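# A closer look at the structure
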Amino acid sequence: MPPRVKVTKEDIVKAAVDIVRKSGAQAINARTVASVLNCSTQPVFSNFATMDELRLAVAKKADILCQEYMQREVESGEFPTYKANGMAYIQFAKEEKELFKLLYMCDRSDEAISEGSELTDKMETIVHNNTGLEGSDAKLFHLEMWTYVHGIATMIATGYYNFDWELISKMLTDVYQGLKNYKFLILAPWRVLVLYKSARQLAPKTRYARFGEPRKLAETSTRPHRKQTKNGNPKPSGRGVAR
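Counting restarts for each chain, with residues numbered from 1 along the sequence as it is written. For a predicted model such as this one, the threshold for reporting local features is a pLDDT of at least 70, and the threshold for listing and counting side-chain atom pairs is 80 or more; totals across whole chains, interfaces and linings nevertheless cover every residue. With hydrogens and water stripped out, all remaining heavy atoms of the structure feed into the side-chain values.

### Here we look at helix H5 (residues 81-95)
Formally: In this text, helices come from DSSP runs of H or I with a minimum length of four residues, and strands from runs of E with a minimum of two, each type numbered from the N-terminal end. Here a helix's expected span is defined as the number of its residues, less one, multiplied by 1.5 Å. A simple rule labels every residue: compare its accessible area, found with a 1.4 Å probe on the protein chains alone, to the largest value its type can have, and call it buried under 20%, exposed over 50%, or partly exposed in between. Residues count as neighbours in contact if any of their non-hydrogen atoms are within 4.5 Å of one another.
Under the 1.5 Å per step criterion, the end-to-end length of H5 is 21 Å for 15 residues, consistent within 8% with the ideal 21 Å. Burial analysis of H5 places 11 of its 15 residues in the buried class, which makes it a mostly covered element. Looking only at H5, the buried set comprises Tyr 82, Lys 83, Ala 84, Asn 85, Gly 86, Met 87, Ala 88, Tyr 89, Ile 90, Phe 92 and Ala 93. The inward-facing, buried residues of H5 contact helix H4 (51-76), helix H6 (97-104), helix H7 (118-131), helix H8 (135-157) and helix H9 (165-186).

Encoded structure:
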């Protein structure tokens, strides 16, 4: 009689992940997992007391896979680190739709989800280094960007809209730069005055004629010279002379 193959906890989680990929999170149960592993349901219940416990383990595995997407995108060097994480998050939603839904599109109100995480702290540090924002301002900046990225990812995961990859890249850049410029001016209004003064110093001395056409001024005077007569007196302009 051949020896019985021991089914490990990792085997069960891996089988459950494959089930989610094919049929969604609602398909996870002891029978479907046992069927994939070609065993009885006994190993499943030996390692997981409830199916909710197994689903939580699958969610943790899905989170690890999502972070691996981000790590690969950052290492590729195609985008700056902060943008690379957003692009990878969206790519994960596109290529692993059901795992993305399990992580970010299901009721997780009963879970103890902390506001901070190692990844969040890392992203906020990048925001600080790139923008100079600190504390709550950096947190808000990242939250606003992540909310925008999540919206795109959700539309792709649900099939609501299929964005072109180059368009996604442009959209993230536009929103990031726009938000950065907005924070730059709103949080430090004095910078507007500095920029204005710098622009005034760099701008050429011009007089704007009718219809906005620039006309360079004379170096010595702001008014044109009047013609003179032979005796050296200014020539009358003719204005106000009786006719």
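### As for the packing of H5 against H6
Operational definition: Each axis is a line fitted through C-alpha atoms, taken for helices only over the stretch in contact, and angles between the N-to-C directions span 0 to 180 degrees. Gly is placed with the polar residues, together with every amino acid not listed as nonpolar (Ala, Val, Leu, Ile, Met, Phe, Trp, Tyr, Cys and Pro) or charged (Asp, Glu, Lys and Arg).
At their nearest, the axes of H5 and H6 sit 5 Å apart, and the two run at 115° to each other. Each of Tyr 89, Phe 92, Ala 93, Lys 94 and Glu 95 in H5 lies in contact with H6, whose residues at this interface are Lys 97, Leu 99, Phe 100, Leu 103 and Tyr 104. Of the residues assigned to the contact of H5 with H6, the class counts are seven nonpolar, no polar and three charged.

### Overview of the nonpolar core
Test applied: We call a set of buried residues a nonpolar core when its members are Ala, Val, Leu, Ile, Met, Phe, Trp, Tyr or Cys and they connect through side-chain atoms within 4.5 Å of each other.
Counting residues in each nonpolar core, the largest one holds 46 residues, and the members touching the most others are Val 33, Leu 54, Val 58, Ile 90, Phe 92, Ile 152 and Ile 168. The set of elements that each furnish at least two residues to this core consists of helix H1 (9-23), helix H2 (30-37), H4, H5, H6, H8 and H9. Of the residues forming this core, the biggest block, 10 residues, is contributed by H4. Contacts of Leu 54, omitting those with residues within four sequence positions, involve Ile 12, Ala 16, Ile 28, Val 33 and Phe 48. Tyr 82, Ile 126, Val 127 and Leu 133 belong to the second-largest nonpolar core, a separate cluster that totals 10 residues.

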